[in-house]
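Each chain is listed here by its residues.
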Amino acid sequence: MRKKFDEESKLAKVMQTNASDNKKCFIVTADEMQAFKGELAHMGRTMVVCGAIVGASLYVGGCATSQTATTHTARPAASAQTIEAARQQASQTTDPRLLSKLANHPSSKVRFKAAENPHTPSKALLKLVRDENEYIRIQAIRNPGTPRESLLQIAQDENTPWPVRRTIAEYTQDDALMRRLAQSSDEAIRFSVAYNKDVSPGILAMLARDKTDSVRKGVAAQPGTPFETLLALAKDPVKDVREDALEALIDRDKDGKTNATQVQAMAQSSNVEIRKQAARSAQASDQVLEYLAKDQNEYVRACTAANKNLPVHVKNFLVKDESSLVIRALYGEDRERAKKTQDPELLTTMASHPYLWVRVEVANNWYTPEDVLRKLALDPNGNVRKKVAQKLKTPQDVIAALCKDSSSTVRDAAQRTLAYHKDTEQSLRSGQSGGADPMQDSKTRLAEASNENTGEAALKKLAKDPDENVRAAVIKNPSSTIEILALLVKDSSPKVKKALEERIAAMSKSSPNKPGYGYGAPAYKGSYRCTGCTGGCTMQCIGYVGSGNPGAVQLKNY
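Residues numbered from 1 in each chain as written. Predicted model: local features only at pLDDT ≥ 70, side-chain atom pairs only at ≥ 80, totals over all residues. Heavy atoms only, no water.

J.: Can you lay out the overall build of the protein chain for me, pointing to particular residues and giving the numbers?
T.: Counting its secondary structure elements, the protein chain contains 34 helices and two strands. Going through the 558 residues of the protein chain one by one, you find that 42% of them count as buried. Taking contacts inside the protein chain between residues at least 6 apart in sequence as the whole, the part at least 24 apart equals 46%. In the structure as shown, the protein chain presents an accessible area of about 30,400 Å², 51% of it carried by carbon and sulfur atoms. (Helix = DSSP H or I, 4+ residues; strand = E, 2+ residues; numbered from the N terminus. Buried < 20%, exposed > 50% of the residue type's maximum accessible area, 1.4 Å probe, protein only. Contact = heavy atoms within 4.5 Å. Areas by Shrake-Rupley, 256 points an atom, 1.4 Å probe, with all protein chains shown as cover.)

Next up, the structure:
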């Protein structure tokens, strides 16, 4: 019985499709018709079957003729012409009766033009306000012929579908209607008004005091919200609202949309982030920067110090600031110049810079002249002298003098550099090659130490490099073997020690199947297996603790 109902339903759908969509041609064979007839006749519905057979047969016969097929193919073009004609009528006619008819047209293109036409009757416009197409609704809402009071009633009617209500609140251009909707008891309507791109500053200021958080958040995110309103919302008790208002204020200032008076107001804000932006602002006046240079918050003063328009007298005032953060910001540009310049005259001048880290960059710069390095070797700060001691271009007599420096870190760096030079000279005399060229700068050696394709001999040489950054890079290099890592076990540099600890920790987490077959991860090469030493060697090596335990890798004395 179920099959009979299915067959009946199938035939009914065929007939319904043919009746509603003349663009489709559904061909039914004589056998299928006979089968349907037999099933339905058994149910006592012979007339229905006969009518279906006759209709389907005529349709099949029609599809079989070339003349009807041509007509069917041409229908879409004719339909498009009809729609275009109706669309032009809806756009140009002033006949209210015709426009009322066209407002009910099945084509959205025609209804859109009817919604746009100022001569469309209000009754038809109010129907178009409820159209399923949002663009049609927007046009009808903005049509001056649509009654405002009716729109207000539709928007406030809870029985009206929400998409219609939202469109009215978000797209109306009528200020009086927006003001009424902004006072609605429905917070969703007020929220939509806040997002209306045509909403006035006065209405936004009113909504900024709304009791609902989401409405105030909508105001803060609105591009048209006035500066004063955003400044007030930056003090909102709700964090999300404050953050949106702050982001809007910062973006506005970055885009150059704030003036000197507004920046002054930002400088007096209780919000630190707003004061920081005022300190960074290109629109900040000399008076504002002078005011912010005395701010209690060091981050605000640091932002002031970094301002490119900082007056000389304010800079001279900030030079005496006790915060290292402020001093760093004040001389940040000078430090970058000392780091990147290749001008020997500029480097000579900057060698006498009052800021420590500018002199450090001068000492580290590969293009610093030899006479400047001799001068920096006598610098009162150990960080500067250490950079001179690590530099391979520094004259060896200066390196030898720094081996007796009062600072142990400087002495250690100088001794490493001296040993590196001696090792290089010995290699050259013996005709061996390997390791970085002594005349390469630290960046080049660092790149070589980090390269997985660097050979073992070169890595061994780089493990003795004067620059701690190069030695740390050797440890991190997956190609460094146990033998190479063992060379750095007793390194006194905190940076090298940290790199070694991290490497050992990574090795410990791996799970090799067998001792001696690497660290258990493809990224590591070399061997866990330690053969020990002969002759009672007490060298500290990296190896197993206990036997047959490849997971317990740490420093061990043999």
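J.: Outline the packing of helix α17 (residues 260-267) against helix α18 (residues 272-280), supporting the account with residue identities and numerical values.
T.: Their axes nearest at 7 Å, the elements α17 and α18 cross at an angle of 140°. By the criterion of interaxial angle, the relationship of α17 to α18 is oblique. Handedness of the α17/α18 crossing: left-handed. Two secondary-structure elements touch here, α17 through Val263, Met266 and Ala267 and α18 through Ile274, Arg275, Gln277 and Ala278. Tallied by class, the residues present in the contact of α17 with α18 amount to five nonpolar, one polar and one charged. (Axes fitted to C-alpha atoms, helices over the stretch in contact; angles between N-to-C directions. Parallel < 35°, antiparallel > 145°, perpendicular 65-115°, else oblique. Left-handed = near helix turned anticlockwise from the far one by under 90°. Nonpolar A, V, L, I, M, F, W, Y, C, P; charged D, E, K, R; others polar.)

J.: Tell me about the pattern of salt bridges, and name the residues and values.
T.: Using the criterion set out here, one finds 31 salt bridges in the structure. For aspartate 321, the salt bridge is made with arginine 301, and the minimal N-O distance between the two is 2.7 Å. In this pair, aspartate 321 sits in the loop between α21 (312-318) and α22 (324-330) while arginine 301 sits in helix α20 (residues 298-305), placing the two residues 20 residues apart along the sequence. Members of the salt-bridge network, linked through shared partners, are Asp412, Arg416, Arg471 and Asp491. (Salt bridge = Lys/Arg side-chain N within 4 Å of Asp/Glu carboxyl O.)

J.: A description of helix α10 (residues 162-171) should follow, citing residues and the corresponding values.
T.: Taken as a whole, α10 has its buried residues at Val164, Arg165, Thr167, Ile168, Ala169 and Glu170. Each element contacted by the buried residues of α10 is listed here: α7 (122-129), α8 (134-142), α9 (148-156), α11 (175-181) and α12 (187-194).

J.: So what's going on with the packing of aromatic side chains? Residues and values would help.
T.: Counted by the stated rule, this structure contains two aromatic pairs. Measuring from ring centre to ring centre gives 4.9 Å for phenylalanine 191 and tyrosine 195, while their planes differ by 55°; the resulting arrangement is tilted. On the accessibility criterion, phenylalanine 191 (29% relative accessible area) is partly exposed. The ring centre of tryptophan 366 lies 5.2 Å from the NZ or CZ of lysine 393, which sits over that ring. Across the ring face of tyrosine 420, the terminal group of lysine 461 is positioned such that the distance to the ring centre comes to 4.6 Å. (Phe/Tyr/Trp six-rings, centres within 6.5 Å; stacked < 30°, edge-to-face > 60°. Lys NZ or Arg CZ within 6 Å of the ring centre and 35° of its normal.)

J.: Got a sec to walk through α7? Specific residues and values, please.
T.: For α7, every residue scored as buried is listed here: Ala124, Leu125, Leu128 and Val129. Seen from one end, α7 has its buried residues packed into an arc of 150°, which puts them on one side. When the buried face of α7 is taken as reference, the exposed residues oriented beyond 90 degrees from it are Lys123 and Lys127. (Arc of directions from axis to C-beta.)

J.: Give a detailed account of the environment of arginine 445, specifying residues and quantitative values.
T.: Here arginine 445 is to be found in helix α30 (residues 442-450). With relative accessibility at 2%, the residue arginine 445 sits in the buried group. For the pair formed by arginine 445 and alanine 473, sequence separation is 28 residues and the distance between their alpha carbons is 9.7 Å.

J.: Account for the nonpolar core, with residues named and values stated.
T.: Formed by 92 residues in total, the largest nonpolar core has its most connected members in Ile168, Leu181 and Val193. Ignoring sequence-local partners within four residues, the contact set of valine 193 consists of Ala169, Met178, Leu181, Ala182, Val199, Ile203 and Leu207. Ile484, Leu485, Val496 and Ile504 belong to the second-largest nonpolar core, a separate cluster that totals 19 residues. (Core = buried A, V, L, I, M, F, W, Y, C linked by side-chain atoms within 4.5 Å.)

J.: Requested: an account of the confidence of the model for the protein chain, with residues and values cited.
T.: Do not read the fine detail of predicted coordinates wherever pLDDT is low. A residue-level look at the protein chain finds 75% of positions with pLDDT of 70 or above and a mean pLDDT of 80. Across residues 1-78 the pLDDT falls below 50, and counting only partners more than four positions away or on other chains, this stretch makes 43 contacts in the model. Segment residues 511-558 is flagged for pLDDT under 50; beyond a separation of four residues in sequence, or across chains, it makes 90 contacts in the model. (pLDDT = per-residue confidence, 0-100.)

J.: Could you give an account of the environment of isoleucine 475, with specific residues and numbers?
T.: Considering the arrangement of structural elements, one finds isoleucine 475 in helix α32 (residues 468-476). A C-alpha to C-alpha distance of 8.1 Å links isoleucine 475 and alanine 463, two positions twelve residues apart in sequence. Setting aside residues no more than four positions away along its own chain, isoleucine 475 makes contact with Leu485, Leu488, Val496, Ala499, Leu500 and Arg503.

J.: Let's hear about the packing of α10 against α12: which residues, and what values?
T.: Running from N to C, α10 and α12 point in directions that differ by 40°, and their axes come no closer than 7 Å. Between α10 and α12, the interaxial angle falls into the category oblique. Seen from above, α10 lies across α12 with right-handed handedness. Here Trp162, Arg165, Arg166, Ala169 and Glu170 of α10 come into contact with α12, specifically with Ala188, Ile189, Ser192 and Val193. In the contact of α10 with α12, the residues fall into five nonpolar, one polar and three charged.

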